[in-house]
Amino acid sequence: MNVIPLKDITPDELKELTLNLLKTMDPDDPENEKYRGDLTVEVLYKPFRVELPESAEDSSAMEKAPEGTPASGGLLVIIIHEAEYVAGKHHTNPYARLIFNGAERRTKQVMKNRCPIWEETFQFKLYRPPTNERILVEVESASSNMGLLHPKENLGYVLINLDDVVSNKRINKKYNLMDSRHGRIQVELQWRTPY
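Residues numbered from 1 in each chain as written. Predicted model: local features only at pLDDT ≥ 70, side-chain atom pairs only at ≥ 80, totals over all residues. Heavy atoms only, no water.

The chain has the name C2 domain-containing protein in an unreviewed UniProt entry, where Crotalaria pallida is given as its organism.

In structure tokens:
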């Protein structure tokens, strides 16, 4: 194993690196002194860029929570964009289900599709920032013909820590689904405060 610090890479520029393979990432581990080989990789860092609305008024409206949001808290916005490579054993009619603070929300179901696009938004008004909290996002499939033998299948899930969205205000990322061979889900999180 080895690590490539992003600070050593120029954005949008292809770079070839040769890395020494290490046993652990602990710099003081004597096991790392043994030669384990090299790995040559090509790296292209594409930074995520946020497209802002053209007018400043729209920009402030997009980032602030609506009136009535608690002053000490904010609005947590969760956008379930899409999933890739999800497949059930008996059927693949996926929908996403998210669970946060004891509440459950669901996207629409997309029939017979391994790469569904939902583009659905869910909002939670909170009295305090959701630090040290997580949301559970599951991708499930339900039988299209009320099948009693296999009515529902879990196609994978991800637990997302919310600390980063509180400090960064916005995260848009593809997560690998647990309990899924190749499945991924794209979830965007926004933390909007009243000020």
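On we go from here.
S.K.: Would you take a moment to explain the environment of Lys23 for this structure?
M.R.: You can see Lys23 is positioned in the loop between β1 (15-20) and β2 (38-43). Linking Lys23 and Arg97, residues 74 residues apart in sequence, is a C-alpha distance of 39 Å. Contact partners of Lys23, with chain neighbours within four places excluded, come to Met1, Glu31, Asn32 and Arg36. (Helix = DSSP H or I, 4+ residues; strand = E, 2+ residues; numbered from the N terminus. Contact = heavy atoms within 4.5 Å.)

S.K.: Can you walk me through the nonpolar core in this structure?
M.R.: Here is a general trend for soluble globular proteins: nonpolar side chains tend to be buried in one another's company. If you look at the biggest cluster of nonpolar residues, it comprises 29 residues, and the most contacted ones within it are Leu76, Ile78, Ile80, Ile185 and Leu189. Secondary structure elements with two or more residues in this core: β3 (74-84), β4 (94-100), β6 (117-126), β7 (134-142), β8 (152-161), α2 (163-168), β9 (170-176) and β10 (184-192). If sequence neighbours within four positions are ignored, Ile80 has contacts with Ala96, Leu98, Thr107, Trp118, Glu119, Glu120, Phe122, Val137, Ile185, Gln186 and Val187. (Core = buried A, V, L, I, M, F, W, Y, C linked by side-chain atoms within 4.5 Å. Buried < 20%, exposed > 50% of the residue type's maximum accessible area, 1.4 Å probe, protein only.)

S.K.: Where do I start with a nonpolar patch on the surface in this structure?
M.R.: Judged by side-chain polarity, Met1, Val3 and Met25 come together as a nonpolar surface patch covering roughly 280 Å² of accessible area. Relative to the helices and strands, Met1 resides in the segment before β1. (Patch = residues over 30% accessible without salt bridge, like charges linked within 9 Å, V, L, I, M, F, W, Y side chains within 5 Å. Areas by Shrake-Rupley, 256 points an atom, 1.4 Å probe, with all protein chains shown as cover. Salt bridge = Lys/Arg side-chain N within 4 Å of Asp/Glu carboxyl O.)

S.K.: I'm lost on the packing of aromatic side chains in this one. Help?
M.R.: For any pair of aromatic rings, the description consists of the separation of the ring centres together with the inter-plane angle of the planes. Taken as a whole and assessed by the stated rule, the structure comprises one aromatic pair. Aromatic side chains Phe100 and Phe124 sit 5.2 Å apart centroid to centroid with 75° between the ring planes, which places their arrangement in the edge-to-face category. Of the two residues, Phe100 is situated in strand β4 and Phe124 in strand β6; the sequence distance between them amounts to 24 residues. Accessibility assignment for this pair places Phe100 and Phe124 in one class, buried. The lysine or arginine in question, Arg106, covers the ring of Tyr95, its NZ or CZ lying 3.8 Å from the ring centre. (Phe/Tyr/Trp six-rings, centres within 6.5 Å; stacked < 30°, edge-to-face > 60°. Lys NZ or Arg CZ within 6 Å of the ring centre and 35° of its normal.)

S.K.: Please explain the sheet that holds β9 as it appears in this structure.
M.R.: Backbone-to-backbone hydrogen bonds pair the strands of a sheet. The strands run either parallel or antiparallel. Taken in spatial order, the four strands make up an open sheet running β6-β3-β10-β9, and their pairing is antiparallel. Where the open sheet ends on each side, the last strands, each with one partner, are β6 and β9. On average, each strand axis in the sheet is tilted by 20° relative to the strand beside it, whichever way the strands run. One ladder, built from nine bridges, connects β3 with β10; its direction is antiparallel. Note on β10: the bridge partner recorded for Ala83 is Ile185. (Pairing = 2+ DSSP bridges. Axes fitted to C-alpha atoms, helices over the stretch in contact; angles between N-to-C directions.)

S.K.: What's the story with the pattern of salt bridges in this structure? I'm lost.
M.R.: Between side chains of opposite charge, a pair can form as their charged atoms come close. Tallied over the full model, the rule gives twelve salt bridges. As a salt-bridge pair, Asp8 and Lys7 come within 4.0 Å of each other at their nearest N and O atoms. In this structure, the salt-bridge partner of Glu133 is Arg128, at a minimum N-O distance of 3.2 Å.

S.K.: Can you help me understand unusual backbone geometry in this one?
M.R.: Residues apart from glycine generally show negative phi values, whereas peptide bonds are mostly found in trans. A positive phi angle is found at Tyr85, which is not glycine, with a value near 55°. Within the secondary structure, Tyr85 sits in the loop between β3 and β4. With phi around 75°, Lys169 is a residue other than glycine that occupies positive phi space. Mapped onto the secondary structure, Lys169 falls in the loop between α2 and β9.

S.K.: So what exactly am I meant to see when it comes to the pairing of β10 here?
M.R.: Taken residue by residue, a regular strand's side chains alternate between the two faces of the sheet. Of all nine residues in β10, eight are buried; the element is thus mostly enclosed. Here seven bridges tie β9 to β10, and the two strands are oriented antiparallel to one another. The residue bridging Asn176 from the neighbouring strand is Arg184, located in β10.

S.K.: Sorry, what's going on with the sheet that holds β4 here?
M.R.: As summarised here, the arrangement of the four strands in space is β5-β4-β7-β8, forming an open sheet in which the pairing is antiparallel. Each edge of the sheet is formed by a strand with only one pairing partner; in this case those strands are β5 (103-106) and β8. Direction aside, neighbouring strands of the sheet carry axes that sit 20° apart on average. Across six bridges, the pairing between β4 and β7 is antiparallel. Bridge pairing in β7 places Arg97 opposite Glu138.

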